[in-house]
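# Chain and residue survey
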Amino acid sequence: MATLLRSKLTNVATSVSNKSQAKVSGMFARMGFQAATDEEAVGFAHCDDLDFEHRQGLQMDILKSEGEPCGEEGAEPPVEGDIHYQRGGAPLPPSGSKDQAVGAGGEFGGNDKPKITAWEAGWNVTNAIQGMFVLGLPYAILHGGYLGLFLIIFAAVVCCYTGKILIACLYEENEDGEVVRVRDSYVAIANACCAPRFPTLGGRVVNVAQIIELVMTCILYVVVSGNLMYNSFPGLPVSQKSWSIIATAVLLPCAFLKNLKAVSKFSLLCTLAHFVINILVIAYCLSRARDWAWEKVKFYIDVKKFPISIGIIVFSYTSQIFLPSLEGNMQQPSEFHCMMNWTHIAACVLKGLFALVAYLTWADETKEVITDNLPGSIRAVVNLFLVAKALLSYPLPFFAAVEVLEKSLFQEGSRAFFPACYGGDGRLKSWGLTLRCALVVFTLLMAIYVPHFALLMGLTGSLTGAGLCFLLPSLFHLRLLWRKLLWHQVFFDVAIFVIGGICSVSGFVHSLEGLIEAYRTNAED
């Protein structure tokens, strides 16, 4: 027993020493220096778990007798705490296994990657549903009155629910009756629903919808940049189209991006600045509370333009695309439902408050981008911040769209439609760079010929937003889990599918008609 105790104490001391060395190496690595050895880097990643396991094994081994049989001659008896213990309760995967991430969290949820807390996950969802596209919500109230406010609440409830059922489609029961994560993405869920007859059809549909939404988001950033600059400096002899061209010239280096490390920090600062801008707009509206036009808010709808408002509101809540990877990265996936609840409640309250007070301030004069209603002295400062945010937010959807295109068309081996964009040395080929530049120019051309922020938002929200947030999650939920659903869950899924389909078709048709009418008007002028 004394020999065994000394051996264990030596192991603990060695672990503590390795832990200290690894922390020092990790600290230098964070400062920009490479770790001295691969063993130190691995030790830094796992030192806390190893230390905990050694302490558990020490306590268990002291209670064991020396007479237990050993697996090998001269070897110590196997210790349960050293092999099977893990904080999540699941067995620790073998060291060096390349597939250790698949069972735990899929492609994005491996044990070798740092996990995020529920607060961090909520911050990511908040960034997606509280972006600068809330600037178009007062315009939705203009054509819907109190029904528009109800729609903001309804969309929050439905999108929260469909986000939850989409995550439920990632899981299935195994032979032991345990619920395990067997899928890792929206595309995997879609492919599972279309299998076995069309194993890749669902994934292709989701990829197309995702590309359309990401590219349209880029177009909207260019449109809003040109619109804000034109309305900030009306005295300058520069048209809105010219401002859009200048903005695109600034965005052209996005074609050279290999990662988003440089832009992510600026995007975080711009998101914080956007919250400040929203508060400034609300503060200005509150300063004019005596002149609020309550009589203008009625229970009526503009039959021709209200469907466009539906698309605007739905587009402002879209976050389903990245929810599977976000949930797979959470330290406690069981907190996902709670996170979805408070993020969507907060979004509903803030969006409803912002849209209502802004519309009450300007009533029938409410414009597509609400900051255009501000006085000239305030408008120029606020719009400059918003343009900076739009330009720094553009690389995120652009890079995501490029990745989806490259993976679906250029990086699937024998199934690829075109040769790879990267050479053997990892460098981007010239024609791959040309395609990226062409995508930037395409967003510019769309922004020039369709410079209508609200109509583009309505079109995108009706086409891809309603599909990804309403139609597909409810359809997948019914397809994959229909045997386990209660009658009220089936009713909710069917109702969401039907309502989402009606809203999608009507919003798409009216938004398209509005764009055609606006294009004809511009052509006549």
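Before going into details, it helps to say that this report is about the structure given with it. Please read all numbers here as calculations on a predicted model, not as lab measurements. (Residues numbered from 1 in each chain as written. Predicted model: local features only at pLDDT ≥ 70, side-chain atom pairs only at ≥ 80, totals over all residues. Heavy atoms only, no water.)

### A look at the overall build of the protein chain
Secondary structure assignment for the protein chain yields 19 helices and two strands. By the burial criterion, 46% of the 525 residues in the protein chain qualify as buried. Counting contacts in the protein chain only where the partners sit at least 6 residues apart, residues at least 24 apart contribute 77% of the total. Element-wise, carbon and sulfur atoms account for 65% of the exposed surface of the protein chain, whose accessible area totals about 27200 Å². (Helix = DSSP H or I, 4+ residues; strand = E, 2+ residues; numbered from the N terminus. Buried < 20%, exposed > 50% of the residue type's maximum accessible area, 1.4 Å probe, protein only. Contact = heavy atoms within 4.5 Å. Areas by Shrake-Rupley, 256 points an atom, 1.4 Å probe, with all protein chains shown as cover.)

### Looking at the side chain of Thr371
With respect to the helices and strands, the residue Thr371 is situated in the loop between α14 (336-362) and α15 (376-393). For Thr371, the contacting residues outside a window of four places in its chain are Leu135, Leu228, Arg379, Val382, Asn383 and Leu386.

### Some thoughts on the nonpolar core
Counting 116 residues, the largest nonpolar core has Tyr317 and Tyr394 as its most contacted members. Looking at this core, the element that brings in the most residues is helix α9 (residues 201-232), giving 15 residues. Residues contacting Tyr394, with those up to four places away along its chain left out, are Cys218, Tyr221, Val222, Leu251, Cys254, Val440 and Thr443. (Core = buried A, V, L, I, M, F, W, Y, C linked by side-chain atoms within 4.5 Å.)

### A short note on the packing of aromatic side chains
Within this structure, the stated rule accounts for nine aromatic pairs. Centroid distance Phe150 to Phe154: 6.1 Å. Interplanar angle 20 degrees. Geometry classified as stacked. Here the residue Phe150 and the residue Phe154 both occupy positions in helix α7 (residues 146-168), the gap between them amounting to four residues, near one helical turn. Each ring, one from Tyr186 and one from Phe476, has its centre 6.2 Å from the other, and the planes form 80 degrees; the classification is edge-to-face. Separated by 290 residues along the polypeptide, Tyr186 in helix α8 (residues 186-194) and Phe476 in helix α18 (residues 453-481) bring together distant segments of the chain. According to the relative accessible area criterion, Tyr186 is buried, its value standing at 3%. Accessibility expressed as a relative area gives 6% for Phe476, which makes it buried. Connected via pairs of aromatic rings, a cluster forms that spans Tyr161, Phe491 and Phe492. The ring centre of Tyr317 lies 3.6 Å from the NZ or CZ of Lys351, which sits over that ring. (Phe/Tyr/Trp six-rings, centres within 6.5 Å; stacked < 30°, edge-to-face > 60°. Lys NZ or Arg CZ within 6 Å of the ring centre and 35° of its normal.)

### Here we look at the pattern of salt bridges
For the structure shown, the criterion picks out three salt bridges. Two residues, Asp364 and Lys296, come together in a salt bridge whose shortest N-O distance is 3.1 Å. In this pair, Asp364 is assigned in the loop between α14 and α15 and Lys296 in the loop between α11 (261-287) and α12 (306-315), connecting sequence segments 68 residues apart. For Asp364, a relative accessible area of 47% corresponds to the partly exposed category. (Salt bridge = Lys/Arg side-chain N within 4 Å of Asp/Glu carboxyl O.)

### A closer look at unusual backbone geometry
In this structure, the amide linkage connecting Ala195 to the following residue, Pro196, adopts the cis form with an omega of 0 degrees. One can find Pro196 in the loop between α8 and α9. At Ala363, a position not held by glycine, the phi torsion is positive, near 50 degrees. Note on placement: Ala363 falls in the loop between α14 and α15.

### Here we look at the environment of Trp362
Locating Trp362 in the fold gives a position in helix α14. Sequence separation of Trp362 and Ala293 is 69 residues, and the distance between their C-alpha atoms is 7.9 Å. The residues contacting Trp362, other than those within four sequence positions of it, are Tyr284, Cys285, Arg288, Ile370, Asn373 and Leu374.

### Re a nonpolar patch on the surface
Where nonpolar side chains cluster on the molecular surface, the patch consists of Leu475, Val494, Phe497, Val498 and Ile502 and spans about 420 Å² of accessible area. Looking at the nonpolar patch element by element, the count peaks at four residues for helix α19 (residues 487-524). Examined against the element boundaries, Ile502 turns out to sit in helix α19. (Patch = residues over 30% accessible without salt bridge, like charges linked within 9 Å, V, L, I, M, F, W, Y side chains within 5 Å.)

### Things to note about the side chain of Asn383
With respect to the helices and strands, Asn383 occurs in helix α15. Overall, Asn383 belongs to the buried group, its relative accessible area being 0%. Polar contacts involving the side chain of Asn383 include one to the side chain of Ser232, which spans 3.0 Å. (Polar contact = N/O pair within 3.5 Å; in protein donor to acceptor, adjacent residues only side chain to side chain.)

### A closer look at the packing of α12 against α18
Between α12 and α18, whose axes approach to 7 Å, the crossing angle comes to 60 degrees. Pair α12 / α18 crosses with left-handed handedness. Of the residues in α18, those touching α12 at Pro307, Ile308, Gly311, Ile312, Val314 and Phe315 are Ala454, Leu455, Met457, Gly458, Thr460, Gly461, Ser462, Gly465, Ala466 and Phe470. When its residues are assigned to classes, the contact of α12 with α18 shows 10 nonpolar, six polar and no charged. (Axes fitted to C-alpha atoms, helices over the stretch in contact; angles between N-to-C directions. Left-handed = near helix turned anticlockwise from the far one by under 90°. Nonpolar A, V, L, I, M, F, W, Y, C, P; charged D, E, K, R; others polar.)

### Some remarks on the environment of Ala289
Within the element layout of this structure, Ala289 appears in the loop between α11 and α12. Along the primary structure Ala289 and Leu360 are separated by 71 residues, whereas in three dimensions their C-alpha atoms are 8.3 Å apart.

### Considering helix α10 (residues 240-251)
Relative to the 16 Å expected for 12 residues at 1.5 Å per residue, α10 spans 17 Å between its end C-alpha atoms, a close match to the ideal helical length. Regarding α10, the residues found buried are Gln240, Trp243, Ser244, Ala247, Thr248 and Leu251. Buried residues in α10, looked at end-on, bunch into an arc of 140 degrees, giving them a common side. (Expected span 1.5 Å × (residues − 1). Arc of directions from axis to C-beta.)

### As for α18
The terminal C-alpha atoms of α18, which comprises 29 residues, lie 39 Å apart, in line with the 42 Å expected from a rise of 1.5 Å per residue. Maximum bend of α18: about 50 degrees, positioned at Gly467. The buried fraction of α18 amounts to 24 of the 29 residues, a majority that puts the element mostly inside the structure. (Bend = angle between axes of the 7 residues up to and from the residue.)

That is the geometry; function is a separate question.
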